[in-house]
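# Architecture at a glance
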Amino acid sequence: MASHALALIGVAAGQSIPSFAPPVAFSAPGASAAVTGDFNGDGRVDIVTANGITTGSHGVSILLSKGNGSFQPARTFSTSTDPTGLAVGDFNRDGKLDVAAINNAANTLSILLGNGDGTLQAAKSIVLDGAPTSIFAADFNADGRKDLVVVMQTSPGVYLDDILISKADGTFTQSTFPAVYGVIVADFNGDKKLDLALYGFPTGACAAIKFGNGDGTFTDSPLPFTLGLPFQVTQAVAGDFNGDGKMDLYGEYVSGAVTRAGFVFSTYTALGNGDGTFAVNSTGLFSAGIGGENLIAGDFNRDGKVDIAGVFPGPAASRLIKPTPANIVKILWGGGDGSFATSFSAPAGPSTGMFTGNPLVRGDFDGNGAIDFAWAAGSGINVIRNANGNPPLLSKLTVGSTFVVGGAATVSATVTIGDPAPAGGAIITLTASDPAAAFFPAGAAVTIPAGATSATFDIATNAVAAPEILTVTASWNGVNQTATFHLDPPFAVSSVTFAPSSLVGLFGGINYSNGTVTLSGPVSDGGAVVSLASSNPLVSVPATVTFAAGSTSALFNATALSNVAADTAVTVSAAFEGASKSGVVTVTAATDSVKITKAEYVVKTGQWRITATDTDATATIWVFNPSGTIIATLVNQGLGQYKGQGTVAAPFTTVVLQSSVGGFTTGPVSQK
């Protein structure tokens, strides 16, 4: 059998890349896990949360869908505990969805039967043999009622799986067997009976299949397998990742499972052979997986291939901050052959806690045929709608300028939707945060023509007295997108300054001051060029200095080209569009006296020797040739005595000595 690595391939030609609307939060205090379902029979996808954060509502909350991506206010039903996970299903076969919530701290399971109108009956508690860590609903005995499997921890590193087979009255019969922390429910051998994949065995082969017998009991596979090397898998998901009709596994090792402090990833794929065995590929140490709270599988870009998604809780610097601001939904694109493409991400909104439950769920919350995401974020549910679909959603608003002088420029902007606009086009409403400063000359709406995905429009500006950040908002189909640009008054040169404000005049132009030109406001897009001029050739400045867009200052060098006998003030002017400002830099005279005591040159070898004195015993003395090139630095011997030697190409008949505090002398070099 061919080997299928978890290659990170590029995006295939023609592959649809979805975009997502900004996350929208809906309150459900304490939400730490979520599941979807239709709880009131209206055909829409609702959400139920387990409110496991102790500052929450001590129960489960149902958020009924409005069918447009938004939800009614959460209705909470008490479990008298802080449930950490949940599953939904029709446990009593009355055609109404019920809820099962695990209570880790209480070692109980709460069953809340549904009334079919979005409400739940009073919770009934089932005592468990350990602390429940995860729960899944499935029909293990093919009687049309959903059963449950609950993973329980009985002591550190010791787990049981509790199989709860539902009865007609919504109660359950229970049986347990030794297990591990991870379980996945799927048909791994193609016999139409649901099996269990267990992962996380501490020694030996880390994973095994328990084949379902179709009656709620299971038979151990004779062939356990190693799913993760060099590290055991900490989370996994099943799906047909290579399109052969057989169930596969994808798993990740994620370090720092609770604190998310480390986040070293190791990713694994196990392609199913259809008989409960797998061709396993372990990539070793790797960092391109999801690395999040839980994994879900689905075709998120509608290319017919199964992808993988999860919530990644922010960059390392912010993982332990509450609230965490930089959470993202990450997606690995399925290649259809067991490989996955480089990850895609979209903002997931802030969270107020860190969880190890199953916070991320999927569903078509707005009924447009594209899969959306929602996740339990502590204080509620963040809904991230897929901009693809029919009708699509507004996915992006961009402006073509960043810094604009009010009244001097028109800004071009573009609105984009996730899929081609429907018949009649998409009419996008436009607003500006300051209508007196910016407006839309073609009207406060722009139409994306039918079949197109974008349209451009202009934003005209008026003069402003003070800088402001202008926000443009585009709205359509319940989604708002915003973009900003800086709107500034006309700018002019406001000052020219120098640091230091004076400098010693030195031979050879080796001393300079840092000049700064400051403007009255930020430069608009395209930048600006300001002209410079010096009143005295003693000080050299560049002809121009360039400002980047958005900047208010620029630097240049003012270089003193020679010594001066007396302090000399030089004016440097900066001019822009007919207006100018100036500043003064002073070139100072020497404060010491340098004298050559010996200078000789051996023509045959090119070797020179020089001795000198300086009235400032702390000065540095440089050796120049007459053209102004430094050839050496003399060694300070103390008490104002200096000497040095070296080689230089002939002829060397005249030498110049220049001290760091201005002293200057020139003299002949004796030839030998």
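This write-up is about the structure you can find in this document. (Residues numbered from 1 in each chain as written. Predicted model: local features only at pLDDT ≥ 70, side-chain atom pairs only at ≥ 80, totals over all residues. Heavy atoms only, no water.)

## Thoughts on the sheet that holds strand S28 (residues 372–376)
Strand-to-strand pairing in sheets goes through backbone hydrogen bonds, with the strands running parallel or antiparallel. Taken together, the 4 strands give an open sheet; going across it, the order is S2-S29-S28-S27, and neighbouring strands pair in antiparallel fashion. Across the chains shown, the open sheet's two edge strands, defined by having one partner strand only, are strand S2 (24–31) and strand S27 (360–363). Looking at each pair of strands side by side, their axes are set apart by 25 degrees on average, direction ignored. Looking at chain direction, S2 and strand S29 (residues 378–384) are connected through 5 bridges and run antiparallel. Residue pairing for S29: Phe-26 is matched across the bridge by Ile-381. (Pairing = 2+ DSSP bridges. Helix = DSSP H or I, 4+ residues; strand = E, 2+ residues; numbered from the N terminus. Axes fitted to C-alpha atoms, helices over the stretch in contact; angles between N-to-C directions.)

## Quick notes on the pairing of strand S37 (residues 468–476)
The pairing of strand S33 (residues 426–432) with S37 spans 4 bridges and is antiparallel. Note on S37: the bridge partner recorded for Thr-429 is Ser-475. Direction of pairing for S37 relative to strand S38 (residues 479–488): antiparallel, over a ladder of 9 bridges. Pairing of Trp-476 across the sheet is with Val-479, part of S38. Taking the residues that link successive antiparallel strands as the turn, the S37-S38 hairpin has 2 residues, and the phi of Asn-477 there is positive, at about 55 degrees.

## Section: the nonpolar core
Formed by 33 residues in total, the largest nonpolar core has its most connected members in Val-415, Ile-428, Ile-448, Phe-457, Ile-459 and Phe-485. Elements represented by at least two residues in this core include exactly strand S30 (394–399), strand S32 (410–417), S33, strand S35 (445–448), strand S36 (454–461), S37 and S38. In contact with Ile-428, not counting residues within four places along its chain, are Leu-394, Val-415, Ala-444, Ala-445, Val-446, Ile-448, Ala-474, Ser-475 and Trp-476. Val-517, Ala-528, Ala-560 and Ala-574 belong to the second-largest nonpolar core, a separate cluster that totals 29 residues. (Core = buried A, V, L, I, M, F, W, Y, C linked by side-chain atoms within 4.5 Å. Buried < 20%, exposed > 50% of the residue type's maximum accessible area, 1.4 Å probe, protein only. Contact = heavy atoms within 4.5 Å.)

## Here we look at the environment of Val-529
Among the structural elements, Val-529 can be located in strand S42 (residues 528–534). Judged by relative accessible area, which is 47%, Val-529 ranks as partly exposed. C-alpha of Val-529 to C-alpha of Gly-583: the two residues are 54 residues apart in sequence and 18 Å apart in space. Aside from chain neighbours lying at most four places away, what touches Val-529 is Thr-544, Val-545, Thr-546 and Phe-576.

## Observations concerning the environment of Gln-637
Considering the arrangement of structural elements, one finds Gln-637 in strand S52 (residues 635–638). On the accessibility criterion, Gln-637 (44% relative accessible area) is partly exposed. Residues Gln-637 and Ser-70, spaced 567 residues apart in sequence, show a C-alpha to C-alpha distance of 84 Å. Once residues within four sequence positions are removed from consideration, Gln-637 is found in contact with Tyr-642 and Lys-643.

## Considerations on the packing of aromatic side chains
Enumeration over the complete set of coordinates arrives at 21 aromatic pairs. A centroid spacing of 5.6 Å and a plane angle of 70 degrees characterise the contact between Phe-91 and Phe-172, whose relative ring orientation is edge-to-face. One end of the pair, Phe-91, is in the loop between strand S7 (85–89) and strand S8 (98–103); the other, Phe-172, is in strand S14 (residues 172–179), with 81 residues separating them in the sequence. The exposure class assigned to Phe-91 is buried, which follows from its relative accessible area of 0%. Looking at Phe-172, the relative accessible area reads 10%, which means it is buried. Through a chain of ring-to-ring contacts, three or more aromatic side chains come together here, namely Phe-20, Phe-300, Trp-333, Phe-344 and Phe-373. (Phe/Tyr/Trp six-rings, centres within 6.5 Å; stacked < 30°, edge-to-face > 60°.)

## Things to note about the side chain of Asp-488
Within the fold, Asp-488 resides in strand S38. Within the buried core, Asp-488 has no salt-bridge partner, and the shortest N-O distance to an opposite charge, that of Lys-581, equals 20 Å. Apart from residues no more than four positions distant in its own chain, Asp-488 is found in contact with Phe-403, Val-404, Val-405, Gly-406, Val-464, Pro-467 and Pro-522. (Lys, Arg positive; Asp, Glu negative; His and termini not counted. Salt bridge = Lys/Arg side-chain N within 4 Å of Asp/Glu carboxyl O.)

## Comments concerning the pairing of strand S51 (residues 630–633)
Here strand S50 (residues 621–624) runs beside S51; their pairing, made up of 3 bridges, is antiparallel. Bridge pairing in S51 places Val-623 opposite Ala-632. Connecting the antiparallel pair S50 and S51 is a turn made up of 5 residues, with Gly-628 showing a positive phi of about 100 degrees.

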